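Chain residues, written in single-letter form:
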Amino acid sequence: MPSIDLLIQDDDIVLSSIGEPLLVEGVNCVAQDLRHMIREKAYAWKMIGERNKTTIAARCTEIELEMENDERIYPGTASVSLSGEKLICEAQTITGERLTVTV
């Protein structure tokens, strides 16, 4: 089933030059949905200021499991790491495309 959604940037719908909403599809749609899931479930917020490496690893595992609950993600391919202040989420879609989401 193809993935299609409204394109969201800076928490707002992106409009064309004639005022119509733009769409996002495929791997970009999946990436946008994952980005929104991480924000809506407060995963990134829970990691702010966290210094305990065990807690950080546990939070990354929680995100990986949530990513793999998405039927568009190929099971076993999700990985999440914290690099500085950036959360880097990577996975492969069932269509074989690789995606990277940075929050």
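Given the structure is predicted, the values throughout are model-derived calculations rather than measurements.

For the rest of this paragraph, the subject is the side chain of Arg72. Structurally, Arg72 can be placed in the loop between helix H3 (53-68) and strand S5 (79-83). One polar contact links Arg72 to Asp33, side chain to side chain, over a distance of 2.9 Å. Engagement of the side chain of Arg72 in a polar contact is seen with the side chain of Asp70, the distance being 2.7 Å. With near-sequence residues (within four places) excluded, Arg72 lies in contact with Ser3, Cys29, Val30, Asp33, Gln92, Thr93 and Ile94.

Read across the open sheet, the three strands follow the order S5-S6-S7; overall the sheet is antiparallel. For this open sheet the edge positions go to S5 and strand S7 (98-102), each flanked by a neighbour on one side alone. For this sheet the average axis-to-axis angle between neighbouring strands, irrespective of direction, equals 20 degrees. Here helix H1 (residues 27-40) sits on the sheet and contacts strand S6 (86-92) and S7; the angle it forms with S7, its principal contact strand, is near 35 degrees.

What counts, and where the lines are drawn
- Residues numbered from 1 in each chain as written.
- Predicted model: local features only at pLDDT ≥ 70, side-chain atom pairs only at ≥ 80, totals over all residues.
- Heavy atoms only, no water.
- Helix = DSSP H or I, 4+ residues; strand = E, 2+ residues; numbered from the N terminus.
- Polar contact = N/O pair within 3.5 Å; in protein donor to acceptor, adjacent residues only side chain to side chain.
- Contact = heavy atoms within 4.5 Å.
- Pairing = 2+ DSSP bridges.
- Axes fitted to C-alpha atoms, helices over the stretch in contact; angles between N-to-C directions.

All we've got here are geometric facts, nothing functional implied.
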